[in-house]
Amino acid sequence: MDSIEPFLSSDQIAARLKEMGESITADYAGHDLLIVGVLKGTFMVMSDLVRQIRLPAQFDYMAVSSYGAATKTSGVVRVLKDLDQEIAGRHVLICEDIVDSGLTLNYLIKSLAVRGPASLEIAALLYKEGIQRVPVDVKYVGFRIGPEFVVGYGLDFDEKYRNLPYVGILSQS
């Protein structure tokens, strides 16, 4: 049976997303901002983050997969849903729930960069330190964490636990 140890409370997450939203608001003032959510995991992060951004923004979504039912990335990235909007000349902010190996994000950055955005940056709630297989520059980081496998607040294991209002460490027995 799986057990979940609370790691980041909903209050901690809300406070950090408010700070990130303030930074994004300042950095993109006067720009046409498109925020791209990477589904499925980012739905909670993006929802709460964008409400802290005090400027007009548009939203789009991509769905990619590199995990399946595993706790470690397979390294193979599959695009399940591409963007609906053109991004050429636009300021694009990718919103992620977690950055771990960097493989998925590296793939996304390369595939979006060739479309000619004015800028392309990343905001991620969680950044796992020390396990990147590919270096990824994340401009807005919520929390830096270790190699634990975390769930909740949009993060899942085998499509379960996304609905937890906090982030917890999953222990499997």
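Per chain, residues are indexed from 1 in the order of the written sequence. Reporting of local features is limited, given that this is a predicted model, to residues whose pLDDT is at least 70; pairs of side-chain atoms are given and counted only at 80 or more, and all residues count toward the totals for whole chains, interfaces and linings. To obtain the side-chain values, all non-hydrogen atoms of the structure were used and water was disregarded.

### Examining the confidence of the model for the protein chain
A low pLDDT score tells you not to read the predicted coordinates there in detail. Known as pLDDT, the predictor's per-residue confidence is scaled from 0 to 100. The predicted model of the protein chain averages 91 in pLDDT, with 93% of residues at 70 or higher. A run of H or I in DSSP becomes a helix once it reaches four residues, and a run of E becomes a strand once it reaches two; helices and strands are each numbered from the N terminus. Mean pLDDT in the protein chain bottoms out at strand β4 (residues 78-81), which sits at 85, and peaks at helix α1 (residues 10-27), which reaches 98.

### Focus: the packing of aromatic side chains
Ring pairs (aromatic) are described by centroid distance and by the angle formed between their planes. Geometry of aromatic contacts follows a simple scheme: Phe, Tyr and Trp rings, the Trp one being its six-membered ring, pair when their centres are within 6.5 Å, and the pair is stacked under 30 degrees between planes, edge-to-face over 60, tilted otherwise. Tallied over the entire structure, the rule returns one aromatic pair. Relative to F157, the ring of F149 lies with its centre 6.0 Å away and its plane at 85 degrees, an arrangement referred to as edge-to-face. Considered together, F149 and F157 belong to a single accessibility category, that of buried residues. Charges are assigned to positions over rings by a cutoff of 6 Å between ring centre and Lys NZ or Arg CZ, combined with an angular limit of 35 degrees from the ring normal. Over the ring of Y127 we find R144, and its NZ or CZ is 5.1 Å from the ring centre. Categorising residues by exposure relies on relative accessible area from a 1.4 Å probe, with only protein chains included: less than 20% of the type maximum marks a residue as buried, more than 50% marks it as exposed, and the intermediate range marks it as partly exposed.

### Regarding the sheet that holds strand β1 (residues 3-8)
For two strands to be treated as a pair, DSSP must find at least two bridges joining them. On the basis of which strands lie adjacent, the open sheet formed by three strands has the order β1-β9-β8 and antiparallel pairing. The open sheet terminates on both sides in strands that have one partner only, identified here as β1 and β8 (150-151). Taken together, the two bridges between β8 and strand β9 (residues 167-171) define a ladder with antiparallel strand orientation. Bridging from a neighbouring strand, V150 pairs with I169 of β9.

### Remarks on the side chain of N106
As for its position among the elements, N106 is in helix α3 (residues 103-113). Look at N106 and you get buried, because its relative accessible area is 19%. Setting aside anything within four residues of it in sequence, one finds N106 in contact with V134 and V136. Contacts are assigned to residue pairs that have any heavy atoms within 4.5 Å of one another.

### Observations concerning the side chain of R90
Relative to the elements of secondary structure, R90 occurs in the loop between β4 and β5 (91-99). Any pair of N or O atoms that falls within 3.5 Å is considered a polar contact. Within protein, one atom must be able to donate a hydrogen and the other to accept it, and sequence-neighbouring residues count only if both atoms are side-chain atoms. There is a polar contact of 2.5 Å between the side chain of R90 and the side chain of Q58. Ignoring anything within four residues of it in the chain, the contact list for R90 reads D32, L33, L34, Q58, Q85, P117, A118 and S119.

### Re the environment of G41
With respect to the helices, strands and loops of the structure, G41 is situated in the loop between β2 (33-39) and α2 (43-50). In this structure, the C-alpha to C-alpha distance between G41 and A63, residues 22 residues apart in sequence, is 9.3 Å. Excluding anything up to four places from it in sequence, G41 contacts D97, Y153, G154, L155 and R162.

### Some details on the environment of S119
Note on placement: S119 falls in strand β6 (residues 119-128). Using a relative accessible area of 18% as the deciding quantity, one classes S119 as buried. A sequence separation of 31 residues divides S119 from A88, and the C-alpha atoms of the two residues are 9.5 Å apart. Sequence-distant contacts of S119, defined by excluding residues within four places in its chain, comprise Y28, R90, H91 and V92.

### Comments concerning the nonpolar core
The nonpolar core is taken to be a set of buried Ala, Val, Leu, Ile, Met, Phe, Trp, Tyr and Cys residues, with the residues joined through side-chain atoms within 4.5 Å. Formed by 29 residues in total, the largest nonpolar core has its most connected members in I24, L125, L126 and V167. Residue assignment for this core shows that the elements contributing at least two residues are α1, β2, α2, β5, β6, β7 (140-145) and β9. With five residues, the single largest contributor to this core is α2. Counting 20 residues, the second largest nonpolar core, distinct from the first, contains L34, M62, I87 and I94.

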